[in-house]
Structures are given as structure tokens and as C-alpha cells.
Amino acid sequence: MEDLLARAAAAERGYLLLDYDGTLVPIAARPDLARPGPGLIELLARLAGMPGWRVAVVSGRTVEDLRRLLPVAGLYLVGVHGAERAAPGEEVERVCDPAFREALRRLVGAADELARPEEGFVLEDKGAALALHYRQAAPSRAAEVGRRFARLARARLPAGTWRLLAGKKVLEIRPAGTDKGRAVAGLLAGYPGALALYFGDDVTDEDAFRTVRRLGGIGVLVSPVARPTSARYRLDGPSRVREFLERLLVSCTEMGCGGRGLPTQEHKGRGDGRVG
Ligand SMILES: [Mg+2]
């Protein structure tokens, strides 16, 4: 973490790109239970207010959902893995094919019959995507229902307009041509010269890790165990992400980022002072 912090604090301008579930907040049994921890909203607001820095939340959730969970005025938001985006205070922009959305809307009723809540399934209609959560379902039922969900998509959706992706205990039908990597490239194009730091925990974050690496930024995998990844660093979990963000804020507000001062040395005495 010291090396990462020193690099971030040395940047003249930076872009914090943060996944939500499993990164800013622990994964919960149901998506609606993953609420921001105490002080997280205030922390993000203060980070978004740091001179030279932008902060974005890049999630599979809808922008509407993110705005409800994180009522922070200065955040850039990417929802539904890039199918939705919104600048601070602006309307949501949707980047998927209207024909796909219409076909998906018609598929929801049939999928709803498959995903029985009493068996532990949660079907989430995101408008531009449809997610089948099976965290609380029996594994054998999850496999069977998952196969039927995929078959339904193949039968009802126009070929080439969609993709089926597997995340953490979720299967999701998404518009083709959208992923977190493209979304992040779009955000960075709007803020040239910024050091990009992308934090994410899931396979869907790998597109973003590759994009930031290509653009000279840094990926941070949030996981208690190592795994093959395009991220350069790893933090154990959301509490470590939180610690990093708090320390970056201290470095930048008390010492000044981008060579305007020295990074904090107060934690564990291992700040390596590469700023200068
Ligand atoms: Mg996540």
C-alpha cells in the first residue's frame, strides 16, 4: 500500500475509479443489503473535492441505484457496466441499442417465472441489463436455472446485440459493446493527463484493469487471495480500500499532492517518500 500511496500522492492530477460491491462495500447476501459503511459518503465527497482529482464509481448497478446509495454531488457515475453514465448533476446517458432494450424488456416476464424468490433467486431488471442473482440458491438449482436463463436469452434476443456474463453469484445479460474498460476509457478521455487508479474485485473489472494499464494507470485488485489479473496491486478487501482512500485524502489535504508536499509518514512508519 505504501508504494501505491506514494505514486498516487505524487500525481499532479488523478482519477479514482472505484467499483462499488466488493470494493467500497462488502458483498452482501442480497444487493439491497450492501449499504455504504459509516463515513463512506463523506469520505467520497471530500476526495471528489480534492484539487486535481476526479472520483468515479464504476458499477454493474444502475446510476439511479448508485445515486441513492451514494448521494455525493461531485461523483462521476458509470452504471450497468458502462451502458449508463452520468457526470455530476447531469442526466443519465444510455449507450445501448434501443432494439436490445425493447427485446430485453419483453424477456423479463419469462425470466421472472424462472427466478423464484423462495428458492433464493433474485431477478434484477436494470433496464439496459438483466441480472439473475443466485447467492442464496442451492448450487444444483442455480446451475439448472442458469442454463434455462441462457436458453431464454438465446431464443428471445437478437443475435449480436447481447452478451451473457458470469460475475460473483450472478449471471447477467448485457448489451454487446459495453464493458467497464470502454467506460473507463471514456472517463479518462474527458480528463487527459490524470493518473488513473482503478479498484475492483470481480472478473468484470479486468477489462478496466487492462484499460488503465494501457493508458499508464494502475489497477488494484480487491481480493483476500491472489489470482491471475491485469491489476498491478492487490488489497485484501473493502476495509483496506477505505484505509487507502483515507490516507490519500490525508496526504493530499494536509501535505498537498502532486509534489506540493511530502506524503504522510504517520501510518506504520513506512511511507517511502518518493514524492518530490
Ligand atoms: Mg464488485
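Predicted model only: the values in this text are computed from it and were never measured. (Residues numbered from 1 in each chain as written. Predicted model: local features only at pLDDT ≥ 70, side-chain atom pairs only at ≥ 80, totals over all residues. Heavy atoms only, no water.)

### So, the packing of helix α1 (residues 2–9) against helix α8 (residues 238–255)
Describing two packed helices takes the angle between their axes plus the distance from one axis to the other.
Here is step 1 of the chain: Running from amino to carboxyl end, α1 crosses α8 at an angle of 40°, the nearest separation of the two axes being 10 Å. Considering the angle they form, α1 stands oblique to α8. Crossing geometry of α1 relative to α8 is assigned as right-handed. Contacts between α1 and α8 involve Glu 2, Leu 4, Leu 5, Ala 8 and Ala 9 on the former and, on the latter, Phe 244, Arg 247, Leu 248 and Ser 251.
Here is step 2 of the chain: Split by residue class, the contact of α1 with α8 holds six nonpolar, one polar and two charged. (Axes fitted to C-alpha atoms, helices over the stretch in contact; angles between N-to-C directions. Helix = DSSP H or I, 4+ residues; strand = E, 2+ residues; numbered from the N terminus. Parallel < 35°, antiparallel > 145°, perpendicular 65-115°, else oblique. Left-handed = near helix turned anticlockwise from the far one by under 90°. Contact = heavy atoms within 4.5 Å. Nonpolar A, V, L, I, M, F, W, Y, C, P; charged D, E, K, R; others polar.)

### Looking at the environment of Leu 66
Here is step 1 of the chain: Relative to the elements of secondary structure, Leu 66 occurs in helix α3 (residues 63–69).
Here is step 2 of the chain: As for Leu 66 and Val 78, which are separated by twelve residues in sequence, their C-alpha atoms are 8.9 Å apart.
Here is step 3 of the chain: When near neighbours in sequence (up to four residues on either side) are disregarded, Leu 66 contacts Tyr 20, Val 57, Ser 59, Arg 61, Leu 77 and Val 78.

### Focus: the domain arrangement of the protein
Note on interface size: it is often stated as the accessible area lost on association of the parts.
Here is step 1 of the chain: For the protein, the domain assignment lists domain 1 (2–94 + 178–255) and domain 2 (98–175).
Here is step 2 of the chain: One C-alpha centre belongs to domain 1, the other to domain 2; they are set 26 Å apart.
Here is step 3 of the chain: Each partner contributes residues to the interface: domain 1 has 20 residues there, and domain 2 has 16 residues.
Here is step 4 of the chain: When domain 1 packs against domain 2, the two sides together hide about 1400 Å² of surface, and 56% of this comes from carbon and sulfur.
Here is step 5 of the chain: Scanning the region where domain 1 abuts domain 2 turns up one salt bridge.
Here is step 6 of the chain: Taking the shortest distance from any N to any O, the salt bridge between Asp 201 and Lys 168 comes out at 2.6 Å.
Here is step 7 of the chain: Scanning the region where domain 1 abuts domain 2 turns up seven residue pairs in polar contact (both at pLDDT 80 or more).
Here is step 8 of the chain: When grouped by side-chain class, the residues that make up the side of domain 1 that touches domain 2 number seven nonpolar, five polar and eight charged. (Domains from an automatic or database assignment. Buried area = accessible area lost by both parts, 1.4 Å probe. Salt bridge = Lys/Arg side-chain N within 4 Å of Asp/Glu carboxyl O. Polar contact = N/O pair within 3.5 Å; in protein donor to acceptor, adjacent residues only side chain to side chain.)

### Considerations on the nonpolar core
Here is step 1 of the chain: Residues Leu 16, Leu 24, Trp 53, Leu 197, Phe 199, Phe 244 and Leu 248 are the most contacted members of the largest nonpolar core, which totals 45 residues.
Here is step 2 of the chain: Per element, the largest residue contribution to this core is six residues, and it comes from α8.
Here is step 3 of the chain: Membership of the second largest hydrophobic core comes to 27 residues, among which are Cys 96, Phe 121, Ala 142 and Leu 152. (Core = buried A, V, L, I, M, F, W, Y, C linked by side-chain atoms within 4.5 Å. Buried < 20%, exposed > 50% of the residue type's maximum accessible area, 1.4 Å probe, protein only.)

### A word on helix α2 (residues 40–48)
Think of an α-helix as turning once every 3.6 residues; residues three or four places apart then point the same way.
Here is step 1 of the chain: Every buried residue belonging to α2 is among Leu 40, Leu 43, Leu 44, Leu 47 and Ala 48, and all of these are buried. Along the axis of α2, the buried residues cluster in a sector spanning 130°; they form a single face.
Here is step 2 of the chain: Buried-residue contacts for α2 involve β1 (14–18), β2 (53–58) and α8. (Arc of directions from axis to C-beta.)

### Things to note about the confidence of the model for the protein
Atomic detail in the predicted coordinates should be set aside for any region of low pLDDT.
Here is step 1 of the chain: Per-residue confidence for the protein gives a mean pLDDT of 90, with 93% of residues at or over 70.
Here is step 2 of the chain: Predicted confidence is poor over residues 261–276, with pLDDT under 50, and the contacts of this stretch with residues over four places away or in other chains come to 33 contacts. (pLDDT = per-residue confidence, 0-100.)

### What about the sheet that holds strand β9 (residues 170–175)?
The pairing of strands in a sheet happens through backbone hydrogen bonds and is either parallel or antiparallel.
Here is step 1 of the chain: The four strands lie next to each other as β6-β7-β9-β8, forming an open sheet whose pairing is antiparallel. In this open sheet, the two edge strands, each paired with only one partner strand, are β6 (122–125) and β8 (162–167). Ignoring strand direction, the axes of neighbouring strands in this sheet form an average angle of 15°.
Here is step 2 of the chain: By the bridge criterion, six bridges tie β8 to β9 in an arrangement that is antiparallel. Looking across to β9, one finds that Leu 164 is bridged to Ile 173.
Here is step 3 of the chain: Running over the sheet, helix α4 (residues 98–114) touches β6, β7 (130–133), β8 and β9 and is turned about 155° from β9. (Pairing = 2+ DSSP bridges.)

### Structural notes on the packing of aromatic side chains
Here is step 1 of the chain: Taken as a whole, this structure holds four aromatic pairs when the rule is applied.
Here is step 2 of the chain: Summarising the aromatic geometry, the rings of Tyr 15 and Tyr 76 are spaced 6.1 Å apart at their centres and angled 70° between planes, so their arrangement reads as edge-to-face. Here Tyr 76 lies in strand β3 (residues 76–79) and Tyr 15 lies in strand β1, a separation of 61 residues in the sequence.
Here is step 3 of the chain: Ring centres of Phe 199 and Phe 244 lie 5.3 Å apart, and the angle between their planes is 40°; on these two criteria the pair is classed as tilted. In this pair, Phe 199 is assigned in strand β10 (residues 195–200) and Phe 244 in helix α8, connecting sequence segments 45 residues apart. Each of the two residues, Phe 199 as well as Phe 244, counts as buried.
Here is step 4 of the chain: Ring-pair connections join several aromatic residues into one group, and the members of that group are Tyr 15, Tyr 76 and Tyr 191.
Here is step 5 of the chain: Directly above the ring of Tyr 191 sits Arg 13, whose terminal nitrogen or CZ lies 4.0 Å from the centroid. (Phe/Tyr/Trp six-rings, centres within 6.5 Å; stacked < 30°, edge-to-face > 60°. Lys NZ or Arg CZ within 6 Å of the ring centre and 35° of its normal.)

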